[in-house]
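Fold and contact review
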Amino acid sequence: MKYLLVLNVNPDVLAALPEEEQQAIGSGHQKFMDTIKASGEFHSTVALQQPAESAVVRVRDGLPAVTDGPFVESKEFLGGYYLVDVASRERACELAALIPDASIEGLGVEVRGVEFADGL
C-alpha cells in the first residue's frame, strides 16, 4: 500500500535550531532516501517552494482570480513529501520516524494512506 509521509514545516522552529542541526536535517533526509531506495519502498519525493512563492486560484462568477499564496495563514506549511510503497501502516510509521523532522520539537511527519492515484 502507498503512504504519503507529509513534511509540515514551521520556519520559526527551523530558524531557532543551531546551524549544525539545520545541516543535519539535510543529510538526514539523504540518509532516509538511501534507506528507502535500498529497501525498495521508495516511490517518489517532492520538496516544495516557500508559501510566499505560491499562488491561489479561485474562480468566481466564471472568472479566475489569482492571488499570492499561501492559501491560509499558518505557522506551518506543506514543505514536501515522500511517497512510499510499504506492506502496512505500521511500516509507514516506522519509516516516518526515521525522517529527521520527526525528532525535532515543534515538527512532525504526517502519515496518510493513499486512497486513489492515477499514473503511479
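Notes on the structure follow. (Residues numbered from 1 in each chain as written. Predicted model: local features only at pLDDT ≥ 70, side-chain atom pairs only at ≥ 80, totals over all residues. Heavy atoms only, no water.)

1. Let's talk about helix H3 (residues 89-98)
The set of residues buried in H3 consists of Ala92, Leu95 and Ala96. Looking straight down H3, one finds its buried side chains confined to an arc of 105°; they lie on one side. In this structure, H3 carries Glu90 and Ala97 as exposed residues pointing more than 90 degrees from its buried face. Buried residues belonging to H3 abut strand E1 (2-9), helix H2 (19-39), strand E5 (77-85) and strand E6 (108-113). (Buried < 20%, exposed > 50% of the residue type's maximum accessible area, 1.4 Å probe, protein only. Helix = DSSP H or I, 4+ residues; strand = E, 2+ residues; numbered from the N terminus. Arc of directions from axis to C-beta. Contact = heavy atoms within 4.5 Å.)

2. Concerning the pairing of E5
Bridge analysis of E1 against E5 gives 8 bridges, and the strand direction is antiparallel. Bridge pairing links Val6 to Tyr81 in E5. In this sheet, E5 lies alongside strand E2 (residues 42-47) in antiparallel orientation, the contact comprising 5 bridges. What sits directly across from Ala47, in E5, is Gly80. (Pairing = 2+ DSSP bridges.)

Geometric descriptors of this kind do not, in isolation, establish any biological role.
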